[in-house]
Amino acid sequence: MRPQVDRGGHAISGTRRLAPPWRYHFSQLLTRPTPPLWLGIMVAAALIVAETFVVQFLGRVGPRMTFGAVYLFGVLVISFGWGIGLAVTTTLVSAAVYLEVHLAADGGLLPDNLQNLIAIAIFVPIALLANVLGARARLRAAEARRAARQVSELARGQAALRRVATLVARGVSPTEIFTAVADEVANALEVGNATLFRYIGTDLGEIVAAYDDDPPKMPVGARLSLEGDNIAAMVQHTGATARMDSHERAAGSTAALIRDLGFRSGVGAPIVVDGRLWGAAIVGFSRLEPPPPDTEERLADFAELVATAVANAEARGELVASRARIVAAGDEVRRRIERDLHDGAQQRLVALGLRIRSIQASLPAGSDVDSQIADVADGLAAASEELRQISHGIHPAVLSQGGLRPALRALRRRAVMPVELHVDVERRLPESVEVATYYVVAEALTNAAKHARASQVTVTVQADDNRLHLEVEDDGVGGADPGGGSGLIGLKDRVEALGGRIFISSGASAGTTLAAEIPCAAL
Amino acid sequence: MHDRSTIGQTGSMQSKVEALRCVIVDDNRGFLDAAADFLGHHGITVVGIASTIAEALNCVGQKRPDVTIVDINLGDESGFELAEQLAGGPASSPVILTSTHSEQEFADMIAISPAVGFVAKVNLSPDGIRRLLASR
């Protein structure tokens, strides 16, 4: 499942939607890009003609020279809508028409009287000033537009980075993070393709995640040769960001593939995990113009998060593995001590016991050392039994010999209350899993008897190919505290060290249920 | 395989009942010697000893003992496995399992094995062996 990424929806458009419609249209008028020049000329011409008629009409109610301001309307419209060139032209044409059509109607072509001179002398500077103001307003608007776009891009980039960082912090699987990063990079950088690439050898890499505009082009898991000219190879050689503005004459099969897929240019950033080059984040562009200059920097931010995610996952993996190794090593040591005791001291004591009984048998009847020898024989037997118990406490021999089923049945026999036991395990499991299961059940049975005063316990253990599930349910008084000194905390550590989990539910009087789940895939 | 056919024939407490012929299978030499000596004193003739499944099958095939005493742990091999193999086939013999471990610990595995029974090493006794054989 690819996380759904909101494409194109961003902060700026959100606030625009909140503004009243009239304000929206007005700001559109000011900030929208310049319409085509021909449209400006037509608008200017139309306005001048219209203004001429208006002034003509107004001329009936007063001297036309007082209505020169009407022409300012067109000058203003053009000043704010189009470039300064057209605006000044409009000003001059307006002045000429004003002079020619209206003032000339009152007099000659040239301002032959002072009044006309004053009218023109007022109109032209004011109109030119309007031109300058219009040009400045347009410049500001363009700047504002650019700044808004930058802020919007920055905000989108930061939001995308934050989302990825949250995933990294939550410790979700690297695969999920890779996919999310590919999607977020494609969205934030507005590219058709974003790929995360992991280096396998000097000249080979694997795609670990990819975002593609339809149709998918870069299949996850595909391996690509890094021979020839391509961004992945450049990043691998330099350990730094790289760009190719064109793949036109690039050599190698990967470059040919990139051309075939319709990409013209691309940018890559290294993913460096604990000082070693792990892979690269690469974006592909199909458009003609080269990628924007800040692409490297923005891509590198994402690459850094990927590196952190990989480092975290590796560290976590190492931690889990090392905990499991410690537990396995501990089990192995205990098993060996038990074995050594069994093969050494225990056998020796048993043999000594037999020897002393042989001596006893060969003594003449009624010998006065008979009872002393009998004492020694009894003492040896007692020592043997003590050693047997110690050795059993170190490691249950039946577990290594027969596996979980007979070992759990031995536990059931030792229990002080009736135990219903269901074991559905068809194969021998890794030793540490068997040992952990045995001790969890043993501890749960002890607790059920000692703390919960249960009269009946049900133990269910089943294993499929990947996981072992166990459940110990009693009908006792409940109230088990996993954090208490009940030995549960040690079991929790042991189970978690194997990558498993343990759950305890213990109501006030509803009995206690202890459940655990342990990965048990064959090693 | 080791030939022990002479051991125990001169025991001082020769039982009135017919002497049993026995093979002991254990990977611990000290126990083998002590057990052969002990049983010999009590009218059980140890006709052979073995430490591995292969040796045991060979020995039982040749000696045809009345009973084979088999340790549950034979190093890397299992006494239960040997008991299975001695239950039928060319070299067969009644099997009594033994161990330094308690019977309780291995009760289930003993129950499903074809062995006639179990006697703990500390409790090894001719009477016990005879009783188990008689209970078949």
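Right above here is the structure, for reference.
Residues numbered from 1 in each chain as written. Chains lettered and ligands numbered in written order. Predicted model: local features only at pLDDT ≥ 70, side-chain atom pairs only at ≥ 80, totals over all residues. Heavy atoms only, no water.

### Regarding helix α7 (residues 174-188) of chain A
Residue and element names in this part refer to chain A.
Here comes step 1: Compared with the 21 Å implied by 1.5 Å per residue over 15 residues, the 20 Å span of α7 between its first and last C-alpha is a close match.
Here comes step 2: Across the 15 residues that make up α7, a large majority, 12, are buried.
Here comes step 3: Along α7, the residues classified as buried are Ile-177, Phe-178, Thr-179, Ala-180, Val-181, Ala-182, Asp-183, Glu-184, Val-185, Ala-186, Asn-187 and Ala-188.
Here comes step 4: Along its buried surface, α7 packs onto α6 (114-170), β1 (193-199), β2 (204-212), β6 (276-285) and α10 (295-362).
Here comes step 5: Positive phi shows up at Glu-190, right after α7, with a value of about 50°. (Helix = DSSP H or I, 4+ residues; strand = E, 2+ residues; numbered from the N terminus. Expected span 1.5 Å × (residues − 1). Buried < 20%, exposed > 50% of the residue type's maximum accessible area, 1.4 Å probe, protein only. Contact = heavy atoms within 4.5 Å.)

### Brief notes about the interface of chain A and chain B
Here comes step 1: In this assembly, 27 residues from chain A lie in contact with 34 residues from chain B.
Here comes step 2: A combined buried area of about 2,600 Å² lies between chain A and chain B, and 54% of that area is made up of carbon and sulfur atoms.
Here comes step 3: When residues of chain A are sorted by the area they lose upon contact with chain B, Leu-354, Gln-401 and Arg-413 of chain A head the list and together hold 23% of the total.
Here comes step 4: At the boundary of chain A and chain B, one finds three salt bridges.
Here comes step 5: When the shortest N-O distance is used, the salt bridge between Arg-355 of chain A and Asp-37 of chain B registers 3.4 Å.
Here comes step 6: In this structure, the connection of chain A to chain B is made through 17 residue pairs in polar contact (both at pLDDT 80 or more).
Here comes step 7: It is α10 of chain A that provides the largest number of residues to the side of chain A that touches chain B, a total of 14 residues.
Here comes step 8: Here the residues of the side of chain A that touches chain B sort into nine nonpolar, nine polar and nine charged. (Buried area = accessible area lost by both parts, 1.4 Å probe. Salt bridge = Lys/Arg side-chain N within 4 Å of Asp/Glu carboxyl O. Polar contact = N/O pair within 3.5 Å; in protein donor to acceptor, adjacent residues only side chain to side chain. Nonpolar A, V, L, I, M, F, W, Y, C, P; charged D, E, K, R; others polar.)

### Regarding the environment of Lys-492 of chain A
Here comes step 1: Inspection of the secondary structure assignment puts Lys-492 of chain A in helix α15 (residues 488-497).
Here comes step 2: Residues Lys-492 of chain A and Phe-503 of chain A lie 11 residues apart in sequence; the distance between their C-alpha atoms is 8.8 Å.

### So, the packing of helix α4 (residues 70-81) of chain A against α6 of chain A
Residue and element names in this part refer to chain A.
Here comes step 1: Relative to each other, α4 and α6 sit at 25°, their axes nearing to 7 Å. Comparing their axes, α6 and α4 come out roughly parallel. Along this stretch, α4 crosses α6, giving a crossing that reads as right-handed. Here α4 contributes Tyr-71, Leu-72, Val-75, Leu-76, Ser-79, Phe-80 and Gly-81 to the contact with α6, which in turn contributes Phe-123, Ile-126, Ala-127, Ala-130, Asn-131, Leu-133, Gly-134, Ala-135, Ala-137 and Arg-138.
Here comes step 2: A class-by-class count of the residues in the contact of α4 with α6 yields 12 nonpolar, four polar and one charged. (Axes fitted to C-alpha atoms, helices over the stretch in contact; angles between N-to-C directions. Parallel < 35°, antiparallel > 145°, perpendicular 65-115°, else oblique. Left-handed = near helix turned anticlockwise from the far one by under 90°.)

### Structural notes on the nonpolar core
Here comes step 1: Judged by nonpolar contacts, the single largest core of 66 residues is most densely connected at Val-457, Val-459, Leu-468 and Leu-470 of chain A together with Leu-97 of chain B.
Here comes step 2: Among the elements that make up this core, the one with the highest residue count is helix α14 (residues 431-450) of chain A (11 residues).
Here comes step 3: In this structure, Val-168, Ala-180, Ala-186 and Val-306 of chain A belong to the second largest nonpolar core, which totals 38 residues. (Core = buried A, V, L, I, M, F, W, Y, C linked by side-chain atoms within 4.5 Å.)

### Comments concerning the pattern of salt bridges
Here comes step 1: If you walk through the whole model with that rule in mind, you get 21 salt bridges over all chains.
Here comes step 2: Note that Arg-339 of chain A is salt-bridged to Asp-343 of chain A, the shortest N-O span being 3.8 Å. Pair noted here: Arg-339 of chain A and Asp-343 of chain A are both in helix α10, with a separation of four residues, about one helical turn.
Here comes step 3: Measuring nitrogen to oxygen at the nearest pair gives 2.7 Å for the salt bridge that ties Arg-413 of chain A to Asp-108 of chain B. Taken together, the residues span two chains, with Arg-413 of chain A in helix α13 (residues 404-414) and Asp-108 of chain B in helix α4 (residues 103-112).
Here comes step 4: Take Arg-413 of chain A: its relative accessible area is 30%, and that puts it in the partly exposed class.
Here comes step 5: Its relative accessible area of 15% is what places Asp-108 of chain B among the buried residues.
Here comes step 6: Taken together, the salt bridges that share partners define one network made up of Glu-332, Arg-335, Arg-336 and Glu-431 of chain A.

### Remarks on unusual backbone geometry
Where the residue is not glycine, phi is negative for most of them; where a peptide bond is considered, it is trans in most cases.
All names here are of chain A.
Here comes step 1: Phi at Glu-190 is positive, roughly 50°, even though this residue is not glycine.
Here comes step 2: Along the chain, Glu-190 turns up in the loop between α7 and β1.
Here comes step 3: Assessed through its relative accessible area of 45%, Glu-190 is described here as partly exposed.
Here comes step 4: If you check the backbone angles, Asp-274 has positive phi at about 50° while not being a glycine.
Here comes step 5: With respect to the helices, strands and loops of the structure, Asp-274 is situated in the loop between β5 (265-273) and β6.

### Some thoughts on the sheet that holds strand β7 (residues 419-424) of chain A
Residue and element names in this part refer to chain A.
Here comes step 1: Ordered by their spatial adjacency, five strands build an open sheet running β7-β8-β9-β11-β10, and the pairing between neighbours is mixed. Both outer strands of the open sheet, β7 and β10 (501-506), are each paired with one neighbouring strand and no more. Recorded for the sheet is a direction-independent mean angle of 5° between the axes of neighbouring strands.
Here comes step 2: Both β10 and strand β11 (residues 512-519) contribute to a ladder of six bridges, which runs antiparallel. Note that in β11 the partner of Ser-506 across the bridge is Thr-512.
Here comes step 3: Packed on one face of the sheet, α13 meets β7, β8 (457-463) and β9 (467-474) and runs near 175° to β7.
Here comes step 4: Along the sheet, α14 contacts β7, β8, β9, β10 and β11; its crossing angle with β9, the most-contacted strand, is approximately 10°. (Pairing = 2+ DSSP bridges.)

### Points about the sheet that holds strand β3 (residues 223-225) of chain A
Within a sheet, each strand pairs with its neighbour through backbone hydrogen bonds, oriented either parallel or antiparallel.
Residues and elements named next belong to chain A.
Here comes step 1: Spatially, six strands are ordered β3-β2-β1-β6-β5-β4 in an open sheet, and the strand pairing comes out antiparallel. Of all the strands in the sheet, the pair left with one neighbour each is β3 and β4 (242-244). Each strand of the sheet is rotated relative to its neighbour by a mean of 30°, with strand direction disregarded.
Here comes step 2: On top of the sheet, α7 reaches β1, β2 and β6; it is set at about 60° to β2, its chief contact.

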